[in-house]
Amino acid sequence: MAALVPSALRDGRRKRLVAHASAGWRAGSKFAFGVFHADDGTLLGGAGLSRLDRDAGSANLGYWVASPHRGRGVATRAARLVARSGFEHVGLTRLEIVTLPDNHASQRVATRLGAARMGVVENRMLVDGQPARVVLSVLTVGARRSGG
Ligand SMILES: CC(C)(COP(=O)(O)OP(=O)(O)OC[C@H]1O[C@@H](n2cnc3c(N)ncnc32)[C@H](O)[C@@H]1OP(=O)(O)O)[C@@H](O)C(=O)NCCC(=O)NCCS
């Protein structure tokens, strides 16, 4: 298990995040991965699956990269690995990527993964407690294979 914990977070919050991620792994309800530099172990970011619906074979795919490490393909590579794991090891067939409309970098990552942009969806999530409009992209197991 690797937790998604930026080093800048205060200890209490780090512990809560690790506990939350660990509980998700134990329950099989969400799978969070940390992304680390292969040479020195620096935490670069994270990616993971959440909102698993095994009956539907679907989950949410999320990712983040710490500011100094953005723009070098880290999110795309990490998300691709996590998606592959979800398809091949968990047996999922559909991954949803939910982004805010102005998050063009995240939408670009979704496109590079081979996800299809389904369009704008109203009230898909809460942001600061308020219903938010999002862009929904969907990566299916078949599309992933043809999209690389
Ligand atoms: C979105 C995020 C994960 C991207 O991480 P990253 O490692 O920089 O992503 P990659 O390098 O793999 O790819 C980024 C792509 O977005 C493009 N991009 C970056 N900033 C952009 C912008 N402002 N507008 C449009 N495209 C942009 C890059 O050019 C690149 O595409 P390209 O390789 O075709 O040129 C990162 O910016 C982040 O952590 N943001 C905050 C958290 C977040 O939004 N997570 C996603 C929620 S679903």
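The residue numbering used here restarts from 1 in each chain and proceeds along that chain's sequence as written. pLDDT decides what is reported in this predicted model: residues at 70 or higher carry local features, side-chain atom pairs at 80 or more are listed and counted, and totals for whole chains, interfaces and linings draw on all residues regardless.

K.L.:
What should I look at first to understand the environment of Ala116 in this one?
P.N.:
Numbering of helices and strands runs from the N terminus; a helix is a DSSP stretch of H or I covering at least four residues, while a strand is a stretch of E covering at least two. Note that Ala116 resides in strand β5 (residues 116-127). For the pair Ala116 and Thr140, spaced 24 residues apart in the sequence, the C-alpha separation amounts to 8.5 Å. For the purpose of contact definition, each residue receives a C-beta atom placed from its backbone, and two residues are in contact when these atoms lie within 7 Å. Apart from residues no more than four positions distant in its own chain, Ala116 is found in contact with Ser137, Val138 and Ala143.

K.L.:
Looking at this structure, I do not really get the site of the ligand. What am I missing?
P.N.:
Contacts to the ligand come from 20 residues, most closely from Arg70, Ala75, Thr76, His104 and Arg108. Mapped by element, the contributors of at least two residues to the shell around the ligand are β3 (58-65), α2 (74-90), β4 (94-99) and α3 (104-113). The leading source of residues in the shell around the ligand is α3, at six residues. Polar here means any residue other than Ala, Val, Leu, Ile, Met, Phe, Trp, Tyr, Cys and Pro, which are nonpolar, and Asp, Glu, Lys and Arg, which are charged; Gly is therefore polar. Here the residues of the shell around the ligand are counted per class, giving eight nonpolar, eight polar and four charged. Think of it this way: take the backbone, place a C-beta atom on it, and check whether that atom is within 6 Å of the molecule or strand, in which case the residue is near it.

K.L.:
Hey, could you run me through the sheet that holds β5 in this one?
P.N.:
Backbone hydrogen bonds hold the strands of a sheet together, and the pairing may be parallel or antiparallel. Should DSSP find at least two bridges between two strands, the strands are regarded as paired. With respect to topology, six strands assemble into an open sheet ordered β1-β2-β3-β4-β6-β5, the strand pairing being mixed. Since the sheet does not close on itself, it has two edges, and those belong to β1 (31-36) and β5, each with one partner. Direction aside, the axes of adjacent strands within the sheet are offset by 30° on average. Sheet topology places β4 next to strand β6 (residues 130-140); six bridges connect them, and they run antiparallel. Bridge pairing in β6 links Glu96 to Val138. Strands β1, β2 (43-53), β3, β4 and β6 of the sheet are contacted by α2, whose axis makes an angle of about 35° with β2. Whenever a helix is involved, its axis is fitted only over the stretch in contact; in every case the axis is a line through C-alpha atoms, and angles between N-to-C directions fall within 0 to 180 degrees.

K.L.:
Help me understand α3, please; the structure alone is not making it clear to me.
P.N.:
In an α-helix, one turn spans 3.6 residues; hence positions three or four apart end up facing the same way. Buried within α3 are the following residues: Ser106, Val109, Ala110 and Leu113. An end-on view of α3 places all buried positions within 100° of arc, on one side of the element. α3 presents His104 and Ala105 as exposed residues on the side facing more than 90 degrees away from its buried surface. In the segment just after α3, Gly114 is the residue with positive phi, at about 100°. To sort residues by burial, count the other C-beta atoms lying within 10 Å of each one's C-beta; a count of 20 or more means buried, 12 or fewer means exposed, and anything in between means partly exposed. C-beta atoms are built from the backbone. The arc in question is the one traced by the directions running from the helix axis out to the C-beta atoms.

K.L.:
Quick question: what am I supposed to make of α2 here?
P.N.:
Expected span, for any helix, means 1.5 Å times one less than how many residues it has. With 17 residues, α2 should cover 24 Å at 1.5 Å per step; its first-to-last C-alpha distance of 23 Å lies within 8% of that length. Listed in full, the buried residues belonging to α2 are Val74, Ala75, Ala78, Ala79, Arg80, Val82, Ala83, Gly86 and Phe87. One or two steps after α2, the chain reaches Gly91, where phi turns positive at roughly 85°.

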